[in-house]
Amino acid sequence: MKGEKKNKQAFAFVLGIILIGCLIQAAGWIKNDRLVFPDVTEILRAFFRLLNTPKTWLLIHTTLRHLLTAMAVSTVIGLAIGLLEGYSDFIRMLFRPLMVMLRSIPMLVLVVIIMVLTSYDKVPLIGTTLILVPLISEAVCEGSRSIDKDLLDVYRLNSGFNLEVLWNVHLPLMAGYLKQAYINAIGMGLKLVVSTEYLVQTKNSLGKAINTSIYFNEYQDIYAYALIMVLLVVLISELPLWLIKLTENQSQ
């Protein structure tokens, strides 16, 4: 049953990609503008051409490095803030204005502020981290508050809060909240990284490549880069879950 369900989900996902292609094709017919809305076959040719170009993998490496580093830093900060917010209403209210500001501030404004404060090469990392922190901290906070207090009382009988308790008690009990937060954070994080790379013209990045494609009116390459980004999000979000399930099956 699980295998059949996964096959249906994979089939639906493929249909979703085909739907996007149909929408682009329809937009080209409606606007009668094949420059901005190129034929799907042109996009696919550009996609495979880019994948066969060594420089594309350098662009992907640069953007993925920014994304994974931002995810790691935002996880540490978000986990710390979320746990504090989960245990104290005072701290939760103390951080709320800051979290609301980070969630609502326009990305362009944040990038300009960061550009003034630091060097351009650090903007993708810092900007993405600041936006992802509220997303992760909120999930951690809600997850910690949803834990059965009786379960927490059990470990308190034997020890106080430490890294071992965090790893073996809190994180497993908050897994559902964290999983959804990370799925959202990966997609949002990649968009933020590419947007900041575009704004500050980060060398050898997907953001810079998209800017170059716009300058030369190579819209088929822009859609091809978008398709690459979709595949990256799917790969990064699904690969850890697949490795966890593989490990669990081997241990059994």
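Above this note sits the structure.
Predicted model, so just to flag it, every value in this text is computed and none were measured.

A. Spotlight on the overall build of the protein chain. For the protein chain, the count of helices and strands is eleven helices and zero strands. Scanning the protein chain from its N terminus toward the C terminus, one meets helices and strands in the order α-α-α-α-α-α-α-α-α-α-α. Split into buried and exposed, the 252 residues of the protein chain put 35% on the buried side. Sequence-distant contacts, at least 24 apart, represent 72% of the contacts inside the protein chain between residues at least 6 apart.

B. Representation of the packing of helix α3 (residues 54-87) against helix α4 (residues 89-104). Viewed as axis vectors pointing N to C, α3 and α4 meet at an angle of 135°, and their least axial separation amounts to 6 Å. Between α3 and α4, the crossing angle belongs to the class labelled oblique. Judged by the twist between their axes, the crossing of α3 over α4 is left-handed. The residues of α4 that touch α3, namely those facing Ile 81, Leu 84, Glu 85 and Tyr 87, are Asp 89, Ile 91, Arg 92, Phe 95 and Met 99. Looking at the contact of α3 with α4, its residues break down into six nonpolar, no polar and three charged.

C. Seen up close, the nonpolar core. Of all hydrophobic cores here, the largest spans 32 residues; its most connected members are Leu 206, Tyr 225 and Ile 228. Secondary-structure elements contributing two or more residues to this core are α2 (40-51), α3, α5 (107-117), α6 (123-146), α9 (175-200), α10 (206-215) and α11 (219-251). If we skip the residues at most four places from it in the chain, Ile 228 touches Phe 47, Leu 50, Leu 51, Thr 56 and Ile 60. Listed in part, the eight residues of the second largest apolar core include Leu 79, Leu 83, Ile 147 and Leu 171.

D. Local environment of the environment of Val 194. Note that Val 194 resides in helix α9. Considering only alpha carbons, one finds Val 194 and Gly 207, 13 residues apart in sequence, at a separation of 4.5 Å. Excluding its chain neighbours within four sequence positions, the residues that come into contact with Val 194 are Thr 63, Leu 206, Gly 207, Ile 210 and Met 229.

E. Structural detail: the side chain of Thr 63. Checked against the element boundaries, Thr 63 lands in helix α3. Given a relative accessible area of 1%, Thr 63 falls into the buried group. Apart from residues no more than four positions distant in its own chain, Thr 63 is found in contact with Leu 190, Val 193, Val 194, Glu 197, Ser 205 and Leu 206.

F. Spotlight on the side chain of Ser 74. Its location among the elements puts Ser 74 in helix α3. Side-chain polar atoms of Ser 74 contact the backbone oxygen of Ala 70, separated by 2.7 Å. Separated by 3.1 Å, the side chain of Ser 74 and the backbone oxygen of Met 71 make a polar contact. The contact partners of Ser 74, leaving out residues within four places of it in the chain, are Leu 79, Thr 129, Leu 132, Val 133 and Ile 136.

G. Region of the structure containing the packing of α9 against α10. Close contact between α9 and α10 brings their axes to 7 Å; oriented N to C, the two are set at 60°. Judged by the angle between their axes, α9 and α10 are oblique. Like other packed secondary-structure pairs, α9 and α10 cross with a definite hand, here right-handed. Counted together, Val 194, Glu 197 and Tyr 198 of α9 and Leu 206, Gly 207, Lys 208, Ile 210, Asn 211 and Ile 214 of α10 form the full contact between these two elements.

H. Broad picture of the packing of aromatic side chains. One pass over the structure, following the stated rule, counts two aromatic pairs. A centroid spacing of 5.1 Å and a plane angle of 70° characterise the contact between Phe 47 and Phe 48, whose relative ring orientation is edge-to-face. Taking the centre distance of 5.0 Å and the plane angle of 90° together, the rings of Tyr 215 and Phe 216 count as edge-to-face. Judged on exposure class, the residue Tyr 215 and its partner Phe 216 are both exposed.

What counts as what
- Note that residues are indexed from 1 along each chain, following the sequence as it is written.
- The model is predicted, so local features are restricted to residues of pLDDT at least 70 and side-chain atom pairs to those at 80 or more, both for listing and for counting; the totals for chains, interfaces and linings are taken over all residues.
- Side-chain measures were taken over the full set of non-hydrogen atoms in the model, leaving aside hydrogen atoms and water.
- Strands here mean DSSP runs of E at least two residues long; helices mean DSSP runs of H or I at least four residues long; both are numbered from the N terminus.
- Each residue is placed in one exposure class: buried if its accessible area under a 1.4 Å probe, protein chains only, is under 20% of its type's maximum, exposed if it is over 50%, and partly exposed if it falls in between.
- Residue contacts are defined here by distance: any two heavy atoms, one from each residue, within 4.5 Å place the two residues in contact.
- Where helices are involved, their axes are fitted lines through C-alpha atoms of the stretch in contact, as for all axes, and angles between N-to-C directions lie from 0 to 180°.
- Convention used here: angles under 35 degrees read as roughly parallel, angles over 145 as roughly antiparallel, angles from 65 to 115 as roughly perpendicular, and any remaining angle as oblique.
- Helix crossings are classified by the rotation of the near helix relative to the far one: an anticlockwise turn of less than a right angle makes the crossing left-handed, while a clockwise turn makes it right-handed.
- We call Asp, Glu, Lys and Arg charged. Ala, Val, Leu, Ile, Met, Phe, Trp, Tyr, Cys and Pro are nonpolar, and the rest, Gly among them, are polar.
- Residues belong to a common nonpolar core when they are buried Ala, Val, Leu, Ile, Met, Phe, Trp, Tyr or Cys residues joined through side-chain atoms within 4.5 Å.
- The definition of a polar contact used here is a pair of N or O atoms within 3.5 Å, where within protein one atom must be able to donate a hydrogen and the other to accept one, and adjacent residues in sequence count solely through side-chain atom pairs.
- Only centres within 6.5 Å qualify two rings of Phe, Tyr or Trp (six-membered ring in Trp) as a pair; their planes then separate them into stacked at under 30 degrees, edge-to-face at over 60, and tilted for everything else.

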